[in-house]
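Structural overview
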Amino acid sequence: MPHIDPDLLSLMALGEPVASEADNEHLRTCSACAAEHAALRRAVDAARSQPDPGTLTQPSAGVWTAIHRELALDESLAADPLEPERPREPAEQQEPKEAQEPTSLADRRSASRTRGTGTAPRRNTALWLIAAAAAVVIAAAGISWVVTQQSQTPPLAAARLEPLANFATTGTAEVVERGGERELTVELSDQEASGYQEVWLIKPDLSGLVSLGVMDSRSATFAIPPGLNLAEYPIVDVSDEPLDGNPAHSGVSIVRGSLSL
Amino acid sequence: MEATRYAAVWREQPLAPPAASAWTAELDAAFAGGDENALAEAYRQFAPLVHTLAARSLGNRAGADDVTQEVFIRAWRSRSTFDPSRARLPAWIVGITRNAIADARSSSIKDLRSVQAAQLAADPDGTVGGPDADLLADRLLLHDELERLGEPQGSIMRLAFFDDLTHDQISRRLELPLGTVKSHIRRSLQHLRRRLEVDSAAY
């Protein structure tokens, strides 16, 4: 019997029920086709999977110190970049010491969260704000693409707001038009800010941030400046701002989502 | 617990379709340009994965710590050979990790008297880190590859992977001939599969 047609084998690797009895029998007995199928399957699994980073092991605390010393990096980078995810020393804790040392990454993260977010280091937040925004954009591109394929009339712009690390709040954001003006309504499940909450619209590449205002409750509506193109500023972000008089984004975001336009 | 778990993975898995990691082209450029902050960010995002892959292969923590240290030192020192247009940094780091693990294994095998050699038991069952470590590594190797496929291949594969559409549904949705969709799927899958297979040879 000839080998399985390469187009067909690709569809089989994707899980489409396209194989005949004879194809399946061939796959069971032909090592060449089976190996090809397995290799394609690995690519499909990698693309589709959502592995849990919480199962990973953590390097010892001394590893970064050794790298830092060996490469003579700047003094400002002396702290272990993984440190915010490690449990804090008992002296820094507000709460009584936990009975057990957290073992998994997920445990460590939840442990540091219960100790409050106000002390979380902000050193690298700008970098990962950029990174997280870009990740949202990749996702948003996929979603808006699907939406435009499904309907020619744009649906009501809306976003699901998901918590960032160290937070558990979720929420929604919705754009409605009222009397010729656009309004953004944000609803949150909780208020976790250690300072105050501020609502932003952000460009995917972070080249622009528009502050819509302070949010002092779990639900608030903001006017969107006329002329502001939401397609250019699709990311809705609620930040935790310290009372420091600095008008810039603190780099600490509580929830974030991307408007489907 | 469920909410916390979700919060912990959000940065890597924002919304569907899931992004492989929060690493960006800007960070690629910063790393290549010698910005030490980008090295620290790379360590923050990828050191646990590097460590897990090493721990599974070497069977001990001390060896995994050594490999992790070695990988990031090598990555930084050889950053002039890092070419973001050829492979993104996450994939490059996975490649360096595989090489460093191979080096660590061969040097441990040579030194039979060392205590570590006695512990040199690979972990084929994946009890350290579980199968998720391999999947995470594969995802990093495919980082941004869908975006790089171009169109309509990228859209076709996103619909196939994340919306679970069949090839004839995709054909109708995109108004492309069935044969065209099928051959794009075959070529795109072959491309992704090659990215997974050449990683250790390419660095």
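Because the structure is a prediction, the values reported are computed rather than measured. (Residues numbered from 1 in each chain as written. Chains lettered and ligands numbered in written order. Predicted model: local features only at pLDDT ≥ 70, side-chain atom pairs only at ≥ 80, totals over all residues. Heavy atoms only, no water.)

A closer look at the nonpolar core
Core analysis: the biggest nonpolar cluster contains 79 residues, and B:Phe31, B:Phe72, B:Phe161 and B:Leu189 have the highest contact counts within it. Those residues in contact with B:Leu189 that sit more than four places away from it in its chain are A:Ser10, A:Ala13, A:Leu14, A:Leu40, A:Ala43, A:Val44, B:Met157 and B:Phe161. With 26 residues, the next largest nonpolar core counts A:Ala157, A:Ile224, A:Leu228 and A:Val236 among its residues. (Core = buried A, V, L, I, M, F, W, Y, C linked by side-chain atoms within 4.5 Å. Buried < 20%, exposed > 50% of the residue type's maximum accessible area, 1.4 Å probe, protein only. Contact = heavy atoms within 4.5 Å.)

Concerning the packing of helix α1 (residues 6–13) of chain A against helix α3 (residues 31–48) of chain A
Residues and elements named next belong to chain A. One can describe the packing of α1 onto α3 by two numbers: an axis separation of 9 Å at closest approach and a directional angle of 50°. In terms of orientation, α1 and α3 fall into the oblique class. The element α1 and its partner α3 pack so that their crossing is right-handed. Residues Leu9, Ser10, Met12 and Ala13 of α1 form the contact with α3, whose participating residues are Cys33, Glu36, His37, Leu40, Arg41 and Val44. Looking at the contact of α1 with α3 residue by residue, the class counts come to six nonpolar, two polar and two charged. (Axes fitted to C-alpha atoms, helices over the stretch in contact; angles between N-to-C directions. Helix = DSSP H or I, 4+ residues; strand = E, 2+ residues; numbered from the N terminus. Parallel < 35°, antiparallel > 145°, perpendicular 65-115°, else oblique. Left-handed = near helix turned anticlockwise from the far one by under 90°. Nonpolar A, V, L, I, M, F, W, Y, C, P; charged D, E, K, R; others polar.)

A short note on the pairing of strand β2 (residues 171–178) of chain A
Residues and elements named next belong to chain A. Sheet topology note: the strand β1 (residues 158–163)/β2 ladder contains four bridges and is antiparallel. In the strand pairing of β2, Ala159 is matched with Ala173. In terms of strand pairing, β2 meets strand β3 (residues 181–188) through eight bridges, oriented antiparallel. Opposite Val175, over in β3, you have Leu184 as the bridge partner. In this structure, the hairpin formed by β2 and β3 is closed by a connection of two residues, where Gly179 is found at a positive phi of approximately 60°. (Pairing = 2+ DSSP bridges.)

Overview of the pairing of strand β4 (residues 196–202) of chain A
Residues and elements named next belong to chain A. Of all seven residues making up β4, six are buried, and the element is well covered by its neighbours. The pairing of β4 with strand β7 (residues 235–241) spans seven bridges and is antiparallel. Each residue of the ladder has a partner; that of Trp200, found in β7, is Asp237. Alignment of β4 against strand β5 (residues 209–215), held across six bridges, turns out to be antiparallel. When the sheet's bridge partners are listed, Val199 is paired in β5 with Gly213.

Quick word on the packing of α3(A) against helix α9 (residues 153–162) of chain B
Packing of α3(A) against α9(B) brings their axes to within 10 Å, and their N-to-C directions diverge by 80°. The angle between the axes of α3(A) and α9(B) places the two elements in the roughly perpendicular class. Within the contact between the two elements, α3(A) uses A:Val44, A:Ala47 and A:Arg48 and α9(B) uses B:Ala160, B:Phe161 and B:Phe162. The residue makeup of the contact of α3(A) with α9(B), split by class, is five nonpolar, no polar and one charged.

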